[in-house]
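# Geometric and topological summary
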Amino acid sequence: MIEIAVLVIGLLLPLVLQDYLTVYATRVLILCLFALSFDLVWGYAGIMSFGQAVFFGSAGYGVALLARDLGITSILLVLPAGILIGFAFALLLGGFLLLGRHPASVIFVALGTLTGSYACDRLARGWYYLGGQNGIPSIPPMTIGSYELTEGPAYYYMAIGFLIVVYLLCRFLMRSQFGLALAGLRENEQRIAFFGYKVQHLKAIIFSLSGAIAGLAGSLYAFHEGFVWPNMLGVVISTQVVLYVLFGGSGTLIGAVIGTVVIEAVSFWLSNSYQDIWPIILGVLLLLVILFRPAGLVSLLLSERERVGSFGRPGKR
Amino acid sequence: MTLLEAKGLIKIFGKLTALNGADLTIAANEFHGLIGPNGSGKSTLMKCIAGAETPTQGTVTFGGHDITQASPAERARDGMSLKFQITSVLPALTLYDNILLALQAQTSLLNLALSRTRGVLHDKVMAMLEQFRLVDRAHEPASALSHGQQQWLEIAMALAPEPKLLLLDEPTGGMSLEERRVTGELLQPIKARCSLVIVEHDLDFIRDICDRLTVLDQGQILQTGSVQHVQSCPKVQEVYLRRA
């Protein structure tokens with residue numbers, strides 16, 4: 001029910017918004033996609049990835065280079081390339097952090113991914129080919145045939161289309177028996193290893209899948225903004241996505257979407273109304289929600305049982 | 001026929017020698033009890049068998065294969081199943097999902113993603129819940145169960161994949177007398193299907209269900225044999241039974 005309400009609002013929004021707000025809303029939709037990628041690893045599998053921006057930013061840089069150096073802007077090439085880049089980076093980082101004989105601790109993975117994010121940010125800032133501190137500006141628009149997709153309603157509906165498809169795929173997967181295995185991984189990794197699950201493989205798979213989704217988001221973001229810069233790989237965006245999911249409610253897909261939309265909408269409104277102190281107000285709001293609603297905003301709308309859900313059989317939601 | 005053989009197991013934690021050359025042999029369909037005073041090495045021996053700890057020295061063979069270095073998951077896939085000393089059901093999940101989680105561990109990832117085995121496993125899940133008298137609460141979260149019922153649920157989870165060897169570490173810990181009696185009743189029928197190694201402090205309980213006993217003391221095997229033989233052994237009476 002909540003999902004349908006959010007969908008209807010999302011589909012109708014460009015009809016009532018001014019153009020500049022549609023552009024802002026498109027950015028928010030892409031960030032929702034990015035938040036979903038983090039929710040999969042943290043909310044569903046319990047893997048604390050503090051470096052999700054690596055996959056987002058590397059895909060953004062990858063497609064920007066394709067467009068700048070090779071003139072490749074076709075949606076049929078750049079988006080699969082972005083997904084592949086995000087997937088490959090996640091596989092590499094995940095392989096290094098997660099595929100040891102002994103299970104990696106939450107702290108080890110959190111610090112490892114955070115370090116990866118910081119290192120990528122610094123590397124991009126110092127690499128002339130990647131534009132250094134300034135990043136890569138003036139990326140040519142993404143194209144469908146000869147049609148150029150620039151910011152506006154068309155890009156908005158494309159972004160919401162991708163968000164819906166990814167959301168439904170994640171929903172299907174998280175409610176399947178695979179989702180149950182992930183719930184087991186999150187709740188008690190040692191227990192399910194003693195059942196015979198290959199927990200490291202499960203982790204690597206969901207980590208790579210989340211990297212692919214972050215890669216898709218990063219590619220869409222790069223073409224929407226028209227430039228990429230080192231912050232896209234760094235710690236700030238990596239932390240921002242954690243806040244989106246914590247605020248909305250980790251372990252629920254709709255929570256990740258709601259968290260992103262609410263934080264971005266409140267930030268937008270506060271930054272217009274209280275130009276000097278808006279980050280402080282936002283910080284206090286986030287703290288209040290996390291303190292008094294640790295399960296996130298979505299816990300106001302769904303019961304604990306509904307949030308945990310059911311797996312591989314008809315759901316109760 | 002020998003199912004499990006542990007030979008010369010030594011486990012050293014820093015300066016502490018928890019196991020000091022322990023041998024254990026389990027036959028198919030045998031119910032075997034491990035007893036001994038606190039700190040005698042029972043749980044460490046169990047962990048070395050299950051793969052939770054790697055022995056410093058010695059070998060473990062299961063079904064004729066050396067599994068000393070195998071991971072817990074590999075041992076589980078070979079047919080070994082463990083119930084932990086501290087109850088470790090998944091409290092946020094329903095009883096149904098707890099059992100399904102145990103049952104689907106051998107399913108391929110593709111089949112899990114497509115939920116292909118849920119129909120096949122549904123009847124097995126319900127049968128396990130029925131067997132352990134939990135079927136009426138199938139769709140409640142495991143956290144809603146009493147401690148004793150959580151112990152039953154975990155035994156059901158360990159038994160669900162139809163293991164060749166079931167390892168139970170203090171399954172009646174924290175149970176009432178009535179719950180202990182029921183647990184004994186629940187375990188008896190599985191004898192036809194698998195072997196059992198059980199660590200317990202409740203001697204009456206272990207005497208009722210086990211064929212053979214092994215007594216440990218200070219990391220070493222003090223005595224192994226039939227229940228009557230072990231009970232009548234003066235050394236055992238000296239070291240263990242008197243303390244109990």
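Residues numbered from 1 in each chain as written. Chains lettered and ligands numbered in written order. Predicted model: local features only at pLDDT ≥ 70, side-chain atom pairs only at ≥ 80, totals over all residues.

## Comments concerning the overall build of chain B
Counting its secondary structure elements, chain B contains 10 helices and 10 strands. Its C-alpha atoms give chain B a radius of gyration of 18 Å, within 12% of the compact-globule value 18 Å for 244 residues. Each principal axis of the C-alpha distribution contributes one length, and for chain B these read about 55 × 40 × 35 Å. Out of the 244 residues belonging to chain B, those deemed buried represent 47%. Within chain B, residue pairs in contact and separated by at least 24 positions form 67% of the contacts whose partners lie at least 6 positions apart. (Helix = DSSP H or I, 4+ residues; strand = E, 2+ residues; numbered from the N terminus. Rg over C-alpha atoms; globule rule 2.2 N^0.38 Å. Buried ≥ 20, exposed ≤ 12 C-beta atoms within 10 Å, placed from the backbone. Contact = placed C-beta atoms within 7 Å.)

## Things to note about the confidence of the model for chain A
Per-residue confidence for chain A gives a mean pLDDT of 91; residues scoring 70 or more make up 96%. Here helix H13 (residues 304–308) of chain A is the element of chain A with the lowest mean pLDDT, 67, and helix H3 (residues 53–70) of chain A is the one with the highest, 97. (pLDDT = per-residue confidence, 0-100.)

## Topic: the sheet that holds strand S10 (residues 220–226) of chain B
Strand pairs in the sheet, formed through backbone hydrogen bonds, run parallel or antiparallel to each other. Residue and element names in this part refer to chain B. Reading across the sheet, the six strands line up as S6-S7-S8-S3-S9-S10 and stay open at both edges, with mixed pairing between neighbours. Each edge of the open sheet carries a strand with a single partner, namely strand S6 (80–83) and S10. Across the sheet, the mean angle separating the axes of adjacent strands is 15° when strand polarity is ignored. Examined bridge by bridge, S6 and strand S7 (residues 165–169) share four bridges and lie parallel to one another. Bridging from a neighbouring strand, Lys 83 pairs with Leu 168 of S7. Helix H6 (residues 147–159) contacts S6 and S7 of the sheet and is inclined by roughly 170° relative to S6. (Pairing = 2+ DSSP bridges. Axes fitted to C-alpha atoms, helices over the stretch in contact; angles between N-to-C directions.)

## A closer look at unusual backbone geometry
What is expected of a backbone is that most residues other than glycine have negative phi and most peptide bonds are trans. All names here are of chain B. Positive phi, close to 50°, is recorded for Ser 115, a residue that is not glycine. Note that Ser 115 resides in the loop between helix H4 (109–113) and helix H5 (118–131). Overall, Ser 115 belongs to the buried group, with 21 C-beta atoms counted inside 10 Å. In this structure, Glu 162 is a non-glycine residue whose phi angle is positive, near 55°. With respect to the helices and strands, the residue Glu 162 is situated in the loop between H6 and S7. Note on Glu 162: 13 C-beta atoms within 10 Å, which makes it partly exposed.

## So, the interface of chain A and chain B
Counting from both sides, the interface comprises 23 residues of chain A and, opposite them, 26 residues of chain B. Put simply, the parts of the chain that give the side of chain A that touches chain B at least two residues each are helix H7 (177–187) and helix H8 (189–193) of chain A. It is H7(A) that contributes the most residues to the side of chain A that touches chain B, seven residues altogether. Partitioned by chemical class, the residues of the side of chain A that touches chain B number 13 nonpolar, six polar and four charged. (Nonpolar A, V, L, I, M, F, W, Y, C, P; charged D, E, K, R; others polar.)

## Quick look at the nonpolar core
One finds A:Cys32, A:Leu33, A:Ala35, A:Leu36, B:Ile99 and B:Ala156 to be the most contacted residues of the largest nonpolar core, which totals 170 residues. With 15 residues, the single largest contributor to this core is helix H2 (residues 19–44) of chain A. Among the domains, domain 1 (2–86 + 163–241) and domain 2 (90–144) of chain B are the pair contributing at least three residues each to this core. Look past the residues within four positions of A:Ala35 in its chain and what remains in contact with it is A:Val241, A:Tyr244, A:Val245, A:Ala256, A:Val257, A:Gly259 and A:Thr260. (Core = buried A, V, L, I, M, F, W, Y, C linked by C-beta atoms within 7 Å. Domains from an automatic or database assignment.)

## Some words on the confidence of the model for chain B
Residues and elements named next belong to chain B. With 98% of its residues at a pLDDT of at least 70, chain B reaches an overall mean of 90. Predicted confidence in chain B is weakest over helix H10 (residues 234–241), with a mean pLDDT of 74, and strongest over helix H3 (residues 95–103), with 95. On the interface metric, ipTM, the complex scores 0.89, and its pTM is 0.89.

## A closer look at the pairing of S10(B)
Residue and element names in this part refer to chain B. Two elements, strand S9 (residues 212–217) and S10, share six bridges in a ladder whose sense is antiparallel. From the neighbouring strand, Leu 213 faces S10, where its bridge partner is Gly 225. Between S9 and S10, which pair antiparallel and follow one another directly, the connecting turn spans two residues, one of which, Gln 218, has a positive phi of 50°.

## Some details on the packing of H3(A) against helix H5 (residues 106–126) of chain A
All names here are of chain A. In the contact formed by H3 and H5, the axes pass within 9 Å of each other and the chain directions differ by 30°. In this view, H3 runs roughly parallel relative to H5, as classed from their interaxial angle. On the side of H3, the interface is formed by Ala 53, Val 54, Gly 57, Ser 58 and Tyr 61, while H5 contributes Gly 116, Ser 117, Cys 120 and Ala 124. (Parallel < 35°, antiparallel > 145°, perpendicular 65-115°, else oblique.)

## Focus: the sheet that holds strand S2 (residues 16–27) of chain B
Residue and element names in this part refer to chain B. Here four strands make up an open sheet; going across it, the order is S2-S1-S4-S5 and the pairing antiparallel. Either end of the sheet is taken by a strand with one partner, and the two such strands are S2 and strand S5 (65–66). One ladder, built from two bridges, connects strand S4 (residues 57–62) with S5; its direction is antiparallel. Residue pairing in the sheet places Thr 61 in a bridge with Asp 66 of S5.

## Describing the packing of H2(A) against helix H11 (residues 253–273) of chain A
All names here are of chain A. Across the interface, H2 lies against H11 with an axial gap of 8 Å and an inter-helix angle of 140°. Between H2 and H11, the interaxial angle falls into the category oblique. Seen from above, H2 lies across H11 with right-handed handedness. Contacts from Tyr 24, Val 28, Leu 31, Cys 32, Ala 35, Leu 36 and Asp 39 of H2 reach H11 at Leu 253, Ala 256, Val 257, Gly 259, Thr 260, Val 261, Glu 264 and Phe 268. (Left-handed = near helix turned anticlockwise from the far one by under 90°.)

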